[in-house]
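Close look at the chain arrangement
Chain by chain, the residues run as shown.
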Amino acid sequence: MDYQAYILPHIWNLKPYSSARDEFKGNEGIFLDANENPIGSGNQIEAWNRYPDPLQHQIKSQLAEIKNCQENQIFLGNGSDEAIDLLMRMTCASDKHNIILCPPTYGMYEVSASINNIAIQRVNLTAEYQLDVPAIQAAINEHTRLLFICSPNNPTGNKINRQDIYTLLESFKTGFVIIDEAYIDFSDEPSFIYELAKYPQLIVMQTLSKAYGLASLRLGMAYANPIIISLLNKIKPPYNIGGATQQIVSKALEDKQFITESIALIQSEKKRLIAEFENIPQIQHIQPSQANFLLVKLQDAKALFEYLIREKVITRNRSSVPLCEDTIRITIGLTAENTILLEKIKSFYL
């Protein structure tokens, strides 16, 4: 793939900022190069006076082993949102290029495009929440740089037909296909990370916010050809992932038992909620989910949503989202929390 053809010239030719930690990578010595405070940090907290590793080598080494890929195929960002924004700024001129979104889908794609003043082509999912492949192919033109696919999809929870994604990977020749796998740990589908070698235009995004329970740390990953990763590293802020985040994430990645037990609990509780919901007549449809949430269609969705808030049970009303009329999205909670949710829904309807 001729990557240069799809990257904005000023980005391709950019000379990146070189930080002190880029120029010296050792851990020992008298550090007088980065204008840091030599004393440490106040209030008896752990010392955070030194700048962190700008390329997060320790975390990437751990992720490469977990994901069965190479370190130079991994970009780490301040949440997946940073990767989304950088990919748009890297490939799209506001007066020339466009991206394709498939609503209902993750809302930050559109927000980031709007911030960057990039034209959006919307091709709604089908009534079954699957890709409308012919319509997407018809929407692609020579100026289309990015196609975003969320699988498992947010807010619907379903996985996208894999063969449809392959079809688009084969036919999309004007830019990059981005597959957002934020919920892949709850899915029975293998990650598209394993397809990177076959599809040079493929970019896969994941996050540590869901199964790993690290939403507050804001760490997202993009996996792609090393050329794309090097460009993302070139245009990111020099220290985009703080030292405290790097330290906590590194320890969390070592705890494989937590991940296994976390996923098992969420899957078990999801099955329990589905079984209970099926016995409530006012719940009209439970969307099959391969994520850590359920999208349910029900009578008086807005009224139930507001009632649950009054009862201190917070869900997400998705009724204003295309193809999601009269729906509420419910994140799978702890067993006791889910029991309270069920009691409140039953008290509202029954």
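Since this is a predicted model, take the numbers as computed values, not measurements.

Taken together, the 7 strands give an open sheet; going across it, the order is 1-7-6-5-4-2-3, and neighbouring strands pair in mixed fashion. For this open sheet the edge positions go to strand 1 (74-78) and strand 3 (119-122), each flanked by a neighbour on one side alone. Sheet twist, expressed as the mean angle between neighbouring strand axes with direction ignored, is 25°. In this structure, strand 4 (residues 144-150) lies alongside strand 5 (residues 176-180), joined through 5 bridges in parallel fashion. Paired with isoleucine 149 across the two strands is isoleucine 179, which belongs to strand 5. Most of the contacts of helix 7 (residues 162-171) go to strand 4, to which it runs at about 170°, and overall it touches strand 4, strand 5 and strand 6 (202-207).

Further remarks concern the sheet that holds strand 9 (residues 293-298). Taken in spatial order, the 4 strands line up as 8-9-11-10 in an open sheet, and their pairing is antiparallel. Only two strands of the sheet have a single neighbouring strand rather than two, namely strand 8 (283-286) and strand 10 (316-317). In this structure, strand 8 lies alongside strand 9, joined through 3 bridges in antiparallel fashion. Counted as the bridge partner of isoleucine 283 is leucine 298 from strand 9. Against the sheet, helix 10 (residues 256-277) makes contact with strand 8, strand 9 and strand 11 (327-331), and its axis sits at roughly 10° relative to strand 9, the strand it touches most. Packing of helix 11 (residues 301-310) onto the sheet brings it into contact with strand 9, strand 10 and strand 11, and relative to strand 11 it is tilted by some 35°.

For the rest of this paragraph, the subject is empty space enclosed by the protein. A water-sized probe, rolled over the atoms, reveals where empty space remains. Applying the stated criterion across every chain, the model contains 2 cavities of 30 Å³ or more. Estimated volume of the largest cavity: approximately 60 Å³. Looking at the largest cavity, the residues that line it are Ser151, Pro152, Lys159, Ile160, Arg162, Ile179, Glu181, Ile184, Ser187, Glu189, Pro190 and Phe192. Partitioning the lining of the largest cavity into residue classes produces 6 nonpolar, 2 polar and 4 charged. Volume-wise, the second largest cavity comes out at about 40 Å³. Looking at the lining of the second largest cavity residue by residue, the classes come out as 7 nonpolar, 2 polar and no charged.

So, about unusual backbone geometry. For the bond running from proline 103 to proline 104, omega is -5°, close enough to zero to count as cis. Note that the residue after asparagine 154, namely proline 155, is joined by a cis bond; omega there is 25°. If you trace the backbone, proline 155 turns up in the loop between strand 4 and helix 7. One non-glycine residue, glutamine 56, lies in positive phi territory at about 50°. Turning to its location among the elements, glutamine 56 is positioned in the loop between helix 2 (20-23) and helix 3 (57-67). Note on glutamine 56: relative accessible area 1%, which makes it buried. One non-glycine residue, asparagine 68, lies in positive phi territory at about 60°. By the secondary structure assignment, asparagine 68 is in the loop between helix 3 and strand 1. Given the relative accessible area of 61%, asparagine 68 is considered exposed.

Criteria and thresholds
Throughout this document, residue positions are counted from 1 along each chain, in the order its sequence is written. Per-residue local features are limited, in this predicted model, to residues with pLDDT of at least 70; the limit for side-chain atom pairs, both in listing and counting, is 80 or more; totals at the level of whole chains, interfaces and linings are taken over all residues. Hydrogen atoms and water are omitted, and side-chain values are computed over all heavy atoms in the structure. Here, a strand pair is defined by DSSP locating no fewer than two bridges between the strands. The helix and strand labels rest on DSSP assignments: H or I over at least four residues marks a helix, E over at least two residues marks a strand, and numbering proceeds from the N terminus. Here, axes are lines fitted to C-alpha atoms. For helices the fit covers the stretch in contact, and angles between N-to-C directions go from 0 to 180 degrees. Note on contacts: a residue pair qualifies if any of its non-hydrogen atoms lie within 4.5 Å across the two residues. Definitions used for this entry: grid spacing 1 Å over protein atoms alone; cavity, a set of points where a 1.4 Å probe fits but cannot get out; pocket, an open set with protein on both sides within 12 Å along at least 5 of 7 lines; lining residue, one with an atom within 4 Å of a point. Grid points are joined across faces, edges and corners, and a volume is the space filled by probe spheres set on the points. Put simply, Ala, Val, Leu, Ile, Met, Phe, Trp, Tyr, Cys and Pro go in the nonpolar bin, Asp, Glu, Lys and Arg in the charged bin, and everything else, Gly too, in the polar bin. Type-normalised accessible area, obtained with a 1.4 Å probe on protein chains alone, sets the label of each residue: buried when under 20%, exposed when over 50%, and partly exposed for intermediate values.

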